[in-house]
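For reference, the chains in residue letters:
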There are 4 protein chains.
Amino acid sequence: MIIVIRQNANKEQLTLFKTTLEERYNVKVNTWQGVESTVLGLIGDTTQIDEDWVNAQEVVESMRRVQEPYKKANRKFHPDNTVIELPTGQTIGDGSLCIMAGPCSVETEEQINYVAERVKRAGASFLRGGAFKPRTSPYSFQGLKSEGLDLLKGARKATGLPIVTEIMRVSHIDMFESVDIIQVGARNMQNFELLKELGKIDKPILLKRGLSSTIEEWLMSAEYIMAGGNNKVILCERGIRTFETATRNTLDLSAVPVVKKLSHLPVIVDPSHATGKSSLVEQMALAAVAAGADGLMIEVHNDPKHARSDGAQSLTPDQFDRVARKVFALKKAYDEIMAE
Amino acid sequence: MIIVIRQNANKEQLTLFKTTLEERYNVKVNTWQGVESTVLGLIGDTTQIDEDWVNAQEVVESMRRVQEPYKKANRKFHPDNTVIELPTGQTIGDGSLCIMAGPCSVETEEQINYVAERVKRAGASFLRGGAFKPRTSPYSFQGLKSEGLDLLKGARKATGLPIVTEIMRVSHIDMFESVDIIQVGARNMQNFELLKELGKIDKPILLKRGLSSTIEEWLMSAEYIMAGGNNKVILCERGIRTFETATRNTLDLSAVPVVKKLSHLPVIVDPSHATGKSSLVEQMALAAVAAGADGLMIEVHNDPKHARSDGAQSLTPDQFDRVARKVFALKKAYDEIMAE
Amino acid sequence: MIIVIRQNANKEQLTLFKTTLEERYNVKVNTWQGVESTVLGLIGDTTQIDEDWVNAQEVVESMRRVQEPYKKANRKFHPDNTVIELPTGQTIGDGSLCIMAGPCSVETEEQINYVAERVKRAGASFLRGGAFKPRTSPYSFQGLKSEGLDLLKGARKATGLPIVTEIMRVSHIDMFESVDIIQVGARNMQNFELLKELGKIDKPILLKRGLSSTIEEWLMSAEYIMAGGNNKVILCERGIRTFETATRNTLDLSAVPVVKKLSHLPVIVDPSHATGKSSLVEQMALAAVAAGADGLMIEVHNDPKHARSDGAQSLTPDQFDRVARKVFALKKAYDEIMAE
Amino acid sequence: MIIVIRQNANKEQLTLFKTTLEERYNVKVNTWQGVESTVLGLIGDTTQIDEDWVNAQEVVESMRRVQEPYKKANRKFHPDNTVIELPTGQTIGDGSLCIMAGPCSVETEEQINYVAERVKRAGASFLRGGAFKPRTSPYSFQGLKSEGLDLLKGARKATGLPIVTEIMRVSHIDMFESVDIIQVGARNMQNFELLKELGKIDKPILLKRGLSSTIEEWLMSAEYIMAGGNNKVILCERGIRTFETATRNTLDLSAVPVVKKLSHLPVIVDPSHATGKSSLVEQMALAAVAAGADGLMIEVHNDPKHARSDGAQSLTPDQFDRVARKVFALKKAYDEIMAE
């Protein structure tokens, strides 16, 4: 951490500040004395240092970190890719392309079983489906709740596909015990209490990027889970909010290579929520593969016109067949090209 | 609600769509037939209609609401201002200017009592202070938790100031029973499970605007609380995220008159979090008053340099004295000018 | 165009408004009378109707276009892709992938000739290079100006590669007469006077998307050029400004399929400016191909460390060799996959 | 300037880099050697140093400026406020509140003379009006052009009000010779060729902030004008582009105190363009005064319903009377409060 000291800083205050840094945070402070300004360089583990506190000091002009504020999620300290392996054998982050597919909301037994069967046949290795739905309006359909969870488990039994579904409150963690991957939605990316509790369990967590979260904040939210002891975090880019209105959000595909440089965690991409339009899903799924994503999350509904939520962005099973075929073909070509 | 039908829409599908609308949502559908396009006009309570479902229909080109999607928070249906009155007599939204002041985090008994005493003397009518702190980093100070709540209650007892403090999880609602105003932070504005539960209690809720939330989404979150039966919602503008880096967020003061037109709920402004810099608080507090805000939330710390969080944006008690004096003087002038 | 009339609109004013619409804009106005609101539907060419004027009418609650406000750039009226052909045979928009490569700034004869030779050998079909540079700071290098143009022409003579370079003022149009493709930079996307003049010449214009421009505004700027008679417009996505700081801008790859649906104009992608980091160029170039881009614009410098501008995002010729090889290989695979 | 060197930097390269810095930019380079990283501190005038070039060096991990990149616009080097004085006596930046009012577009002689007369009587000290209009659509009204300039001069003659009007291309500078204040619109804030030419004349320039420009970029554009020798720059905040759609742009009032700390130039606020709604102008004009603005730019039209552009945000002369009365009353109160 580099701290620039104000030009007119009081000498005594500066000495006190340096002592406090060394004592409170157990770091070594080096001073570089320039003509117009003084700069402090801190050596040691600075992730514990509170930026707010530093910025509040009268002697401080500004500061910047040289190290990232996250440790467990940081590739510098864990150079190898994290690979998530499920007891049933599926993997995420080992270089293969995993597809999580299914309806936005679980609606009926026939629906979820039919969709599960179809996406499995097309090559998806996970079934996604919402039982508890975060909806902007209190008057919109909020999901089938525990009944939806039961239907998902039924579809898992029928197809063998592990299930991915979203949790919305801490008190539901027990109810989600037999869920294979627990999803944290974009709106809960900084629900720190939920993250802390998910850090205490031993189950993969799929962490969606918040609508206006920086990549650093996203990795800090992963760090929250990992700080609790759960290292099985999968990141999911799902679009950020910008001024553009032609798409629901703006898919930030450069986040994929950026995260892969900064972190060892797997990153998947959700083109359905990012664009909000089924007609854009195929093209952005292909682009995500070429950007180096470890997987895709795609909405598939047996009958999008009658979907109780997010129908506008759902593919039909037939459309999904075509998209999956192209995506896997591109992935194969991509791997050969990158291996050269 | 106006729905534009695709040029090449199938007649049968269109008929089916109209019947479904009328039966599922109990609205009347009028058809206006143009040369190049057909437009449907829906009459009745359209707040229940799911936009996603409409947009997913093959016959639909696009749609737009004529009515806002919120009812209880809507000024059209409740023309009079909502005034929040506390049992101890303080009011918010009655035309007076309320100030909620105090430290970002409660730290010690001496600290909170001293600050409470000072802000009361300067004219604040509420004591704010964080016991549970939402921090971006798991390694930052997370608040004194229940001990912090006890210290706040102690300061209330000593000064008579009602307390405002942030809740972060549903299971804490019982613990917050004797808190006077429960705050929902920006990061939890769309923690719908929390909003639902807060809708079931009878206590004012201060709802901060999310970092990237539109005004409509903010009002929909208020609607979540109100839909549960709790109409005591206070809105708090605290800055939105933009590309600008000179301030921590961009304070959107135009949100104040916009919300006042759309809704009957009181709106206050938090210049401390919005700017992130104590040197900008005075000016933006004055601007908020002139924008028509019902109140201000201002961070005050006995010793910002040693604050355990957000010190950079905290005023000292002496600085707060001056700001409060100016703010009340401007409010007086403003009221006289607007009354003419 | 659909216009929603205020609930309490004065009858006489409404009649006057409708008459004015019909007379001033030569459209037919249909009225649909609902219970709570009246809606007008306009038939005819509404691209001429000024939204500001409509919104300013007292009787108007709100309005929305059913048709896009652009005509010449609109795929609805020109279903076939526009293909740009140069006299020297190069094409853009015909399904092939064109690469425009070269240094941010032209610096010396040796530099530009060497880079031109290298990018040609690697498969680029155009040489890009800046002679006039739009720099944020007046103290930064502003380009070699007319001397830079001469050097570009020399490199063209040596390699046969057509040249693409940026224009910054109307009075330079004559000087750019022998340039093959004239580039309009992001900061000049709404320099309407420049666009108008470029509409009068017969030469391909590469129009970069503005930093905070919507896709609709971008297409309206293309419309400015086309309205003057020059239909040879190539669109270039180069990243938009968001809150994210890990990359210089956020590359909006979903803009590629969105533009291809809305317009018949070719779209290329500039991963160098979008990310601002050479280490991200390869991955985002591949992603752009899979998103369906017609071409790429990539910065290549013989010696990025000594580049006089934008060195941080430039590839070396050796790096570009590898990127071009991968990009063309992926394009081949992509075409085969999409042709199935 | 502080430069952080990569951990594994090559010693020879580092030495070469330091020598180049000292020789090319005439600065002194101090080296601070930490355990994990090396930091360079540069002393001297670093405004000339190209950040792109620094970032492109292989040995460089990252850099940050300690000094701002602008000099002439910087308050550090010019502590006193710049006051713009017109030959006719009007002043901007001397602590008084100046109002520039008038129609978006000049339309007829009667219109402009009537509006000029009315805004003068209400207290405006400048007449604003557009002769050349930057319009998103090529099919929208583009202004009366030179005829509009003549009408403005006529209104000036009739009322004595100096005129403010927008320039859109370099070749018009001669035509604008008798304009009192030349406005550069938001879309041309980084039309560097125009800025350079305006730096060569001796006339106040009103520089609007770009839709997505940071405050630093805005001040750099002012620096472009000042670097040419023209120090008479007036900054105008007019809203930035965000995701919010309830207002046309988001008025960033915190930019006023931020600019006043960083620069000595006067800052005015345009609530008409920022909000895009006449119903919000009064409230935001008052807020701008309380934020410390030196002036206001407000659109006034004799007949907003028939305005040829931007009618939705224009006040009628009667509305402007009321707004101006309140604004001046608030300014008086504000000055008394701040003087205490």
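These numbers were taken from a predicted model, which means no experiment stands behind them. (Residues numbered from 1 in each chain as written. Chains lettered and ligands numbered in written order. Predicted model: local features only at pLDDT ≥ 70, side-chain atom pairs only at ≥ 80, totals over all residues. Heavy atoms only, no water.)

**Details of the overall build of chain A**
Each helix and strand counted, chain A has ten helices and 14 strands in total. For the C-alpha atoms alone, the extent of chain A along its principal axes is close to 75 × 50 × 40 Å. Split into buried and exposed, the 340 residues of chain A put 67% on the buried side. Restricting to contacts in chain A with at least 6 residues of sequence separation, those with at least 24 account for 66%. Counting every atom, chain A has about 11,600 Å² of accessible surface; 46% of that belongs to carbon and sulfur. A gap of 2 Å separates the mean positions of the 42 positive and 44 negative side-chain charges of chain A. (Helix = DSSP H or I, 4+ residues; strand = E, 2+ residues; numbered from the N terminus. Buried < 20%, exposed > 50% of the residue type's maximum accessible area, 1.4 Å probe, protein only. Contact = heavy atoms within 4.5 Å. Areas by Shrake-Rupley, 256 points an atom, 1.4 Å probe, with all protein chains shown as cover. Lys, Arg positive; Asp, Glu negative; His and termini not counted. Charge placed at Lys NZ, Arg CZ, Asp CG, Glu CD.)

**Some thoughts on helix H10 (residues 317–339) of chain A**
The end-to-end C-alpha distance of H10 of chain A is 32 Å, a good match for the 33 Å that 23 residues give at a rise of 1.5 Å each. Three or more residues of H10 of chain A are buried, namely Pro317, Phe320, Val323, Ala324, Lys326, Val327, Leu330, Lys331, Ala333, Tyr334 and Ile337 of chain A. Looking at the buried residues of H10 of chain A, the elements they touch are strand S7 (98–102), helix H3 (109–122), helix H9 (278–290) and strand S14 (295–299) of chain A together with helix H9 (278–290) and helix H10 (317–339) of chain C. (Expected span 1.5 Å × (residues − 1).)

**A few points about the sheet that holds strand S1 (residues 2–5) of chain A**
Within a sheet, neighbouring strands are paired by backbone hydrogen bonds and run either parallel or antiparallel to one another. Residue and element names in this part refer to chain A. The strand order across the open sheet formed by four strands is S2-S3-S1-S4, and the pairing between neighbours is antiparallel. Because the sheet does not close on itself, it has two edges, and the strands there are strand S2 (28–33) and strand S4 (60–64). Adjacent strand axes in the sheet meet at a mean angle of 20° when their direction is disregarded. Two elements, S1 and S4, share four bridges in a ladder whose sense is antiparallel. Following the sheet pairing, isoleucine 2 is matched in S4 by arginine 64. (Pairing = 2+ DSSP bridges. Axes fitted to C-alpha atoms, helices over the stretch in contact; angles between N-to-C directions.)

**A word on the interface of chain B and chain C**
Counting residues at the interface gives 22 residues for chain B, matched by 23 residues for chain C. For the pair chain B and chain C, the summed buried surface comes to about 1,800 Å²; carbon and sulfur atoms form 66% of the total. Considering only the side of chain B, the residues that lose the most area to chain C are Trp32, Ile43 and Arg64 of chain B, jointly responsible for 31% of the buried surface there. Here chain B and chain C share zero salt bridges between them. (Buried area = accessible area lost by both parts, 1.4 Å probe. Salt bridge = Lys/Arg side-chain N within 4 Å of Asp/Glu carboxyl O.)

**Description of the relation of the copies chain B and chain C**
Rotating chain B by 180° and moving it 0.1 Å along the rotation axis overlays it on chain C with an RMSD of 0.1 Å. Both chain copies can therefore be described as sitting about a two-fold axis. Minimal C-alpha distance to the rotation axis in chain B is attained by phenylalanine 243 of chain B, lying at 2.3 Å. When the interface residues of chain B are mapped onto chain C, 100% of them are again interface residues, pointing to one common binding face. (Least-squares fit on C-alpha atoms with pLDDT ≥ 70 in both.)

**Some points on helix H6 (residues 215–227) of chain C**
All names here are of chain C. Between its first and last C-alpha atoms H6 spans 18 Å; for 13 residues at 1.5 Å apiece the expected length is 18 Å, and the two agree. Burial in H6 covers these residues: Ile215, Glu217, Trp218, Leu219, Met220, Ser221, Ala222, Glu223, Tyr224, Ile225 and Met226. Residues of H6 that are buried make contact with helix H5 (192–198), strand S11 (205–208), strand S12 (233–237), helix H7 (255–262) and strand S13 (267–269). Glycine 229 lies just past H6 and shows a positive phi near 115°.

**Topic: the relation of the copies chain B and chain A**
Rotating chain B by 180° about the axis while translating it 0.0 Å along that axis superimposes it on chain A, leaving an RMSD of 0.0 Å. Mapped onto chain A, 100% of the interface residues of chain B again fall at the interface, so both copies present the same surface.

**Comments concerning the interface of chain B and chain A**
At the junction of the two partners, chain B supplies 52 residues and chain A supplies 52 residues. Counting each side, the surface lost to burial between chain B and chain A is near 4,600 Å², with a carbon and sulfur contribution of 47%. For the chain B face of the interface with chain A, the top three residues by lost area are Tyr139, Arg169 and Lys305 of chain B, together amounting to 16%. Linking chain B with chain A are eight salt bridges, by the criterion used here. In this structure, glutamate 197 of chain B and arginine 169 of chain A form a salt bridge, with 3.2 Å as the shortest nitrogen-oxygen distance. If you look at where chain B meets chain A, you find 23 residue pairs in polar contact (both at pLDDT 80 or more). Of all the secondary-structure elements, those providing two or more residues to the side of chain B that touches chain A are helix H2 (51–56), helix H5 (192–198) and helix H6 (215–227) of chain B. (Polar contact = N/O pair within 3.5 Å; in protein donor to acceptor, adjacent residues only side chain to side chain.)

**Considering the environment of isoleucine 84 of chain C**
With respect to the secondary-structure elements, isoleucine 84 of chain C resides in strand S5 (residues 84–85). The residues touching isoleucine 84 of chain C, leaving out its near neighbours within four places in the chain, are Gln90, Thr91, Ile92, Pro204, Lys232, Val233, Ile234 and Pro266 of chain C.

**Examining unusual backbone geometry**
Non-glycine residue lysine 145 of chain B carries a positive phi angle of around 60°. Topologically, lysine 145 of chain B is positioned in the loop between strand S8 (126–128) and helix H4 (146–159). Positive phi outside glycine occurs at asparagine 26 of chain C, with the angle close to 55°. By the secondary structure assignment, asparagine 26 of chain C is in the loop between helix H1 (11–25) and strand S2 (28–33). Given a relative accessible area of 67%, asparagine 26 of chain C falls into the exposed group.

**Description of the packing of aromatic side chains**
Given two aromatic rings, their pairing is described by the distance between the two centres and the angle made by the two planes. Evaluation of the coordinates by the stated rule reveals eight aromatic pairs over all chains. On the numbers, 5.9 Å between centres and 35° between planes, the contact of phenylalanine 132 of chain A with phenylalanine 176 of chain A is tilted. Taken together, the residues phenylalanine 132 of chain A in the loop between strand S8 (126–128) and helix H4 (146–159) and phenylalanine 176 of chain A in the loop between strand S9 (163–166) and strand S10 (181–184) connect sequence positions 44 residues apart. For phenylalanine 176 of chain A, a relative accessible area of 0% corresponds to the buried category. Sitting above the plane of the tyrosine 139 of chain C ring, lysine 71 of chain D keeps its charged end 5.7 Å from the centroid. (Phe/Tyr/Trp six-rings, centres within 6.5 Å; stacked < 30°, edge-to-face > 60°. Lys NZ or Arg CZ within 6 Å of the ring centre and 35° of its normal.)

**As for the environment of threonine 316 of chain D**
All names here are of chain D. With respect to the helices, strands and loops of the structure, threonine 316 is situated in the loop between strand S14 (295–299) and helix H10 (317–339). Take threonine 316: its relative accessible area is 24%, and that puts it in the partly exposed class. With 201 residues separating them along the chain, threonine 316 and valine 115 place their C-alpha atoms 9.0 Å apart.

**Let's talk about the environment of asparagine 230 of chain B**
Residue and element names in this part refer to chain B. Checked against the element boundaries, asparagine 230 lands in the loop between H6 and strand S12 (233–237). Spatially, the C-alpha atom of asparagine 230 lies 34 Å from that of arginine 325, the residues being 95 residues apart in sequence. Setting aside residues no more than four positions away along its own chain, asparagine 230 makes contact with Leu198, Gly199, Ile201, Lys203, Ile205 and Ile225. One polar contact links the side chain of asparagine 230 to the main-chain amide nitrogen of lysine 232, over a distance of 3.0 Å.

**Topic: the pairing of strand S10 (residues 181–184) of chain D**
Residues and elements named next belong to chain D. The side-chain alternation of S10 yields two buried faces, one formed by Ile181 and Gln183 and the other by Ile182 and Val184. Pairing analysis gives four bridges linking strand S9 (residues 163–167) to S10, with the strands arranged parallel. Bridging across to S10, isoleucine 167 finds its partner in valine 184. Of the pairings in the sheet, the one linking S10 to strand S11 (residues 205–208) comprises three bridges and is parallel in character. Looking at the pairing, glutamine 183 lines up with leucine 206 of S11.

**Section: the packing of H3 of chain A against H10 of chain A**
Residues and elements named next belong to chain A. At a minimum axis distance of 9 Å, the contact between H3 and H10 shows a crossing angle of 25°. Judged on the interaxial angle alone, H10 and H3 are roughly parallel. Helix-helix and strand crossings are classified by hand; for H3 and H10 the assignment is right-handed. Side by side, H3 and H10 meet where Tyr114, Arg118, Val119 and Ala122 of the first sit next to Pro317, Asp318, Phe320, Asp321, Ala324 and Phe328 of the second. In terms of residue class, the contact of H3 with H10 is made up of seven nonpolar, no polar and three charged. (Parallel < 35°, antiparallel > 145°, perpendicular 65-115°, else oblique. Left-handed = near helix turned anticlockwise from the far one by under 90°. Nonpolar A, V, L, I, M, F, W, Y, C, P; charged D, E, K, R; others polar.)

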